[in-house]
Every structure is written in structure tokens, then in C-alpha cells.
Amino acid sequence: MVPDEFDLDVVSDDMLTTDQHDFVAHWSRFYFGEIDALSRNTDAPVFRRAFLRLGTEILGHVATVKLNADVGLQSISAGGIDGLVIPLALVGRGFGGYLMDKAEDILFQELGVKVGLLFCFPETVQYFAARQWHVPQQPVSFLFRLKPPLSEMEPMVRFGAGVSLNSFPLHVRRSEALEPDM
Ligand SMILES: CC(C)(COP(=O)(O)OP(=O)(O)OC[C@H]1O[C@@H](n2cnc3c(N)ncnc32)[C@H](O)[C@@H]1OP(=O)(O)O)[C@@H](O)C(=O)NCCC(=O)NCCS
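Below, the structure is looked at part by part. (Residues numbered from 1 in each chain as written. Predicted model: local features only at pLDDT ≥ 70, side-chain atom pairs only at ≥ 80, totals over all residues.)

### Remarks on the site of the ligand
(1) Moving on: The immediate surroundings of the ligand are formed by 17 residues, with Ile86, Val91, Gly96, Gly97 and Tyr127 found nearest.
(2) Moving on: Those elements that place two or more of their residues in the shell around the ligand are strand E4 (74–85), helix H2 (95–110) and helix H3 (125–129).
(3) Moving on: With three residues, the single largest contributor to the shell around the ligand is H2.
(4) Moving on: Looking at the shell around the ligand, its residues break down into nine nonpolar, six polar and two charged. (Near = placed C-beta within 6 Å. Helix = DSSP H or I, 4+ residues; strand = E, 2+ residues; numbered from the N terminus. Nonpolar A, V, L, I, M, F, W, Y, C, P; charged D, E, K, R; others polar.)

### Quick look at H2
(1) Moving on: Spanning 16 residues, H2 covers 21 Å between terminal C-alpha atoms, matching the ideal 22 Å at 1.5 Å per step.
(2) Moving on: Turning to H2, its buried residues number three or more, namely Phe95, Gly96, Tyr98, Leu99, Met100, Lys102, Ala103, Ile106 and Leu107.
(3) Moving on: Trailing H2 by a residue or two, glycine 112 shows a phi angle of about 65°, which is positive. (Expected span 1.5 Å × (residues − 1). Buried ≥ 20, exposed ≤ 12 C-beta atoms within 10 Å, placed from the backbone.)

### Let's talk about unusual backbone geometry
(1) Moving on: One non-glycine residue, glutamine 132, lies in the positive phi region at around 70°.
(2) Moving on: Within the secondary structure layout, glutamine 132 lies in the loop between H3 and strand E6 (140–142).
(3) Moving on: Taking the C-beta count within 10 Å as the criterion, glutamine 132 has 11 such neighbours and is therefore assigned exposed.

### Some thoughts on the nonpolar core
(1) Moving on: Among the nonpolar cores identified, the biggest contains 38 residues, and Val62, Leu99 and Ala103 are the most heavily contacted of them.
(2) Moving on: With seven residues, H2 is the single largest residue contributor to this core.
(3) Moving on: Beyond its immediate sequence surroundings of up to four residues, alanine 103 is in contact with Ala50, Val62, Thr64 and Ile81. (Core = buried A, V, L, I, M, F, W, Y, C linked by C-beta atoms within 7 Å. Contact = placed C-beta atoms within 7 Å.)

### Side note on the pairing of strand E3 (residues 57–71)
(1) Moving on: Of all the 15 residues making up E3, 11 are buried; the element is thus mostly covered by neighbouring parts of the structure.
(2) Moving on: Of the strand pairs in this sheet, strand E2 (residues 46–54) and E3 are connected by eight bridges, and their pairing is antiparallel. Looking at the pairing, alanine 50 lines up with valine 62 of E3.
(3) Moving on: Counting the residues in the hairpin turn of E2 and E3 gives two residues, including glycine 55, whose phi is positive at 60°.
(4) Moving on: Looking at chain direction, E3 and E4 are connected through 10 bridges and run antiparallel. Within the sheet, the bridge partner assigned to asparagine 68 lies in E4 and is serine 77.
(5) Moving on: Taking the residues between adjacent antiparallel strands as the criterion, E3 and E4 are bridged by two residues, where glycine 72 takes a positive phi near 60°. (Pairing = 2+ DSSP bridges.)

### With respect to helix H1 (residues 18–32)
(1) Moving on: For H1, with 15 residues, the first-to-last C-alpha span of 21 Å sits near the 21 Å given by 1.5 Å per residue.
(2) Moving on: Among all positions in H1, only Phe23, Val24, Trp27 and Ser28 are buried. The buried residues of H1 occupy an angular sector of 115° when projected down its axis, which confines them to one face. Structural note: H1 exposes Thr18, His26 and Phe30 on the side pointing more than 90 degrees away from its buried face.
(3) Moving on: Residues of H1 that are buried sit in contact with E3 and E4.
(4) Moving on: Trailing H1 by a residue or two, glycine 33 shows a phi angle of about 70°, which is positive. (Arc of directions from axis to C-beta.)

Okay, here's the thing in C-alpha cells:
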């Protein structure tokens, strides 16, 4: 639950303000190096971005993407969480948690995906593990392009309510319904 003094702005990419654009560009480069989250860490299209804001100050960002996944012979809806960033001076105040609450709500409630996927640094695996994400035991293959630094990060998954993948390998591909303009 986000305290009353904060606002959560949920926007699609075509509604980004200059301040929002610059925030994502700056902090993505700061944390992820050459990756520019605005040009997508993967070639999967952004569904919604959420920004935490206090007055005119942006306090954090997260993006959600729609994906598809194949589990064995079954195709299921999947979603990704991308570009979660909190400015360095503001970490540890719960802001990341507010944004993750929103991103998980978008994926598992609004979109109703069966499986969520994110990539994180090895040092933040515990952070996401505390939110019911886990490093998958079975193989995960990605059928979309990963930019090089991202491919060195840990994939983590979280399943929707009542979903069990048993021991099937998981193949994740980008959403065909949201094929970006080439
Ligand atoms: C990871 C990140 C998003 C966390 O955001 P944050 O606002 O600092 O996190 P919160 O304040 O919501 O943390 C909530 C809890 O997680 C814990 N936590 C934070 N970072 C952690 C870490 N790296 N490992 C383990 N626990 C961690 C906090 O101690 C806190 O626990 P508590 O509630 O018991 O006190 C932020 O540190 C960040 O922007 N990091 C750089 C970018 C990044 O790694 N993004 C994630 C990959 S996409």
C-alpha cells in the first residue's frame, strides 16, 4: 500500500513526459551500464511503466512487458518486470517495494499472466526471493533478443495463483500481439 503522500503514475510509452523519459534513461544507465531501458532491455515491448512520485520528484520506476511462454506443449501468458530503479540516495525506504507491488498487480491481476519473469543482479536475488520470485530449477530459454549485459543477470520467475510448471522446461518468447514496429 503506497502512503498517501506519494503518487503512482502508470503510463504507456507513448505518454511518457520528458522528466519520466530522462529519469529512466539516467538511472538505467547508472545501474545497468550501456543498457537503455527506454530502448528496452529485450526486444519485448513495454506494456506499462509505473513511476513513484512525491510532488514533482520522481522516486522510482518499473516497467512491465507482455510475453508468451511455452511449457512443454502448452502455451501460456507470461509477463516481465524490467528496469526497476530507485535513485541511489533513496534506496532502502520501501520505494522499490511499492513499485514491485504495482508491477506484480499489473502482471498477475490486470493481465492475469500465469508466469512472471525478471532479470536481476546476483546480489538482489534475495530481495526478489522475499517477494516469492525464485531462480528456476528447470531450464529457461528465451526466444527474444537479450542485450549483452542483461544476459549475465539472473533470471527469476514467479507463478500466478494455482500454476505449477512441474518439471517442464520453460521457453519464453515475446508477445506476438504486441509486435513492435520494425
Ligand atoms: C533493488 C532495488 C530496486 C530495491 O529498492 P529499495 O527501494 O531499496 O527496496 P526496499 O526499500 O523496498 O527494500 C525492501 C526490503 O528489501 C531489502 N533489500 C533491499 N535491497 C536488498 C538486497 N540487495 N538484497 C536483499 N535485501 C534487500 C531491504 O532491506 C528491505 O527489507 P526490510 O523491509 O526487511 O527492511 C534498489 O536497490 C535499486 O534500484 N537497485 C539498483 C537497480 C536494481 O538492481 N534493480 C533490480 C533489477 S531489475
